[in-house]
Amino acid sequence: VTITKVDFFINGAYAGTDSSSPHQFNWTATAGNKTLQVVATDNSGASKTSASISISVVNNVLPTCALVTPAGSSTFTAGDIVSISANASDADGIVTSVQFFVKGILVNIDTLAPFQYNWVSYALTGTSPVVAIAIDNNGGQKISAPVNITVKNNVAPTVTVSSPANGSIKLGPGPLLIQATAADADGYVDSVEFYVNAFKVGVSFSAFVKNMCFNTR
C-alpha cells in the first residue's frame, strides 16, 4: 500500500494537493485564526483525515525608519562626501537591509547596522530629496520622511601674481621672490603652484603666505 496523494485543508476549505513524498504545501498566510487538516489517500482509494491543528496568523508589523544625517536644508559643494545614515528597527523581526536614495536614485544598500553610507555629491547638483527605506525579514517596507539637501557647483579659486610686477626688470642671476594672491569664494585655497616659462618651479601650501623664491640664471 502506498500513499498516492495528500490533500491540504485550511478552515475546512481545500487548499492544495501533493502527490509525492515528502508531502507539503506552501500556503500564503492571511491574518486570523486557522484550522489545518490533511487527508491522505492510498493506492486502494482509502483515505484518512488527520487531527486538526489550530494556528493564529498575525499581520507583519512594518519596521521603523528615520534619517539621522544629513540634516534638512544642508548645503554641500559638488565633490563633498555626504554622510547618509538612518535608524531602523523591527518590532516582530529584524531589519534585513536599508536602501538609500538621492533624488529617486538608489545609491547604496546596507545590510548591517549601523546603517550608513558616504555619498560623493558630485553626481547631482541642485536640490535633492534624500530618503531611506528599511526592509524587514518578512518583506515589509518603511520609507523615511524625506530630507532635502542642496548641492552647488564648486566655484574655481582666483589667483594673480602680485610680485614681481608685470614688465619689471630683474638683474640676475640671483633669487627672485614670486608672490601670489589667491582666494576661494566657497571654500579655501589648498595650494598655489608657481610656473616660470611654463615650467613648474614650486608649490606653496601655506594658508597665509603664497610665495616662492626662484633662482634666476
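Since we're looking at a predicted model, the values are computed, not measured. Per-chain numbering applies: the sequence of each chain, read as written, is numbered from 1 onward. In view of the model being predicted, local features appear only for residues whose pLDDT reaches at least 70, and side-chain atom pairs are presented and counted only at 80 or more, with totals across whole chains, interfaces and linings using the full set of residues. To get the side-chain values, take all heavy atoms of the structure and skip hydrogens and water.

The subject of this paragraph is the overall build of the protein. If you tally the helices and strands in the protein, you get zero helices and 19 strands. Relative accessibility decides the category of a residue: with a 1.4 Å probe and only protein chains considered, values under 20% of the type maximum give buried, values over 50% give exposed, and everything between is partly exposed. Among the 217 residues that make up the protein, the fraction classed as buried is 28%. Residue pairs in contact within the protein that sit at least 24 positions apart in sequence constitute 51% of those at least 6 positions apart. As presented, the protein carries roughly 13700 Å² of accessible surface, and 55% of it is formed by carbon and sulfur atoms. Note on charges: Lys and Arg go in the positive column, Asp and Glu in the negative column, and His and the chain ends are not counted at all. A charge is said to be at NZ when it belongs to Lys, at CZ for Arg, at CG for Asp and at CD for Glu. Measuring between centres, the 10 positive side-chain charges of the protein sit 11 Å from its 12 negative side-chain charges. Secondary structure follows DSSP: runs of H or I at least 4 residues long count as helices, runs of E at least 2 residues long count as strands, and numbering of each begins at the N terminus. Here a residue-residue contact requires only that any non-hydrogen atoms of the pair lie within 4.5 Å. Only the protein chains shown count as cover for residues, with accessible areas throughout obtained via the Shrake-Rupley method and a probe of 1.4 Å.

Turning our eyes to something else, we now look at the sheet that holds strand 8 (residues 81-89). Strand pairing requires that DSSP identify at least two bridges connecting the strands. On the basis of which strands lie adjacent, the open sheet formed by three strands has the order 6-8-11 and antiparallel pairing. At either margin of the open sheet sits one strand with a lone partner, and together these are strand 6 (64-69) and strand 11 (115-120). The average angle at which neighbouring strand axes cross in this sheet is 25°, direction not considered. Where strand 6 meets strand 8, five bridges bridge the pair, whose relative direction is antiparallel. In the strand pairing of strand 8, Leu67 is matched with Ala86. Angles run from 0 to 180 degrees between N-to-C directions of axes, and those axes are lines fitted to C-alpha atoms, restricted for helices to the stretch in contact.

To continue, consider the environment of Leu36. By the secondary structure assignment, Leu36 is in strand 3 (residues 32-42). The exposure class of Leu36 is partly exposed, given its relative accessible area of 22%. Through-space distance from the C-alpha of Leu36 to that of Asp18 is 15 Å; in sequence the pair is 18 residues apart. When sequence neighbours within four positions are dropped, the list of residues in contact with Leu36 reads Phe9, Ile10, Ala51, Ser52, Ile53 and Ile55.

Okay, unusual backbone geometry next. Glycine aside, residues mostly have negative phi angles, and peptide bonds mostly take the trans form. In this structure, Pro22 follows Ser21 across a cis peptide bond, with omega equal to 0°. Note on placement: Pro22 falls in the loop between strand 2 (13-18) and strand 3. Of the consecutive residues Ala113 and Pro114, the connecting peptide bond is found in the cis state with omega at 0°. Turning to its location among the elements, Pro114 is positioned in the loop between strand 10 (105-110) and strand 11. Even without glycine at this site, Lys103 takes up a positive phi of about 55°. By relative accessible area, Lys103 is classed as partly exposed at 41%.

Relative to the assigned elements, Asp18 resides in strand 2. Among buried charged residues, Asp18 stands out as having no salt bridge; its nearest opposite-charge side chain is Lys5, 12 Å away. Between N or O atoms, a polar contact is any pair within 3.5 Å; within protein, one atom must be a potential hydrogen donor and the other a potential acceptor, and residues adjacent in sequence are included only when both atoms are from side chains. At 3.2 Å, the side chain of Asp18 forms a polar contact with the backbone nitrogen of Ser20. We count a salt bridge whenever a side-chain nitrogen from Lys or Arg sits within 4 Å of a carboxyl oxygen from Asp or Glu.

On the surface, a cluster of nonpolar side chains totalling about 330 Å² of accessible area is made up of Ile81, Val120 and Tyr122. In this fold, Ile81 is placed in strand 8. The patches described consist of residues with a relative accessible area above 30% and no salt bridge, like charges being joined within 9 Å and nonpolar side chains (Val, Leu, Ile, Met, Phe, Trp, Tyr) within 5 Å.

With that settled, consider the nonpolar core. Within the largest apolar cluster, 19 residues are counted, with the highest numbers of intra-cluster contacts made by Ile84, Val98 and Trp119. Those elements that provide at least two residues to this core are strand 6, strand 8, strand 9 (95-102), strand 11, strand 12 (126-136) and strand 14 (147-152). With four residues, strand 9 is the single largest residue contributor to this core. Those residues in contact with Val98 that lie beyond four places of it in its chain are Ala86, Ala88, Asn108, Ile109, Asp110, Phe115, Ala132, Ile133 and Ala134. The term nonpolar core refers to a set of buried residues drawn from Ala, Val, Leu, Ile, Met, Phe, Trp, Tyr and Cys, joined through side-chain atoms within 4.5 Å.

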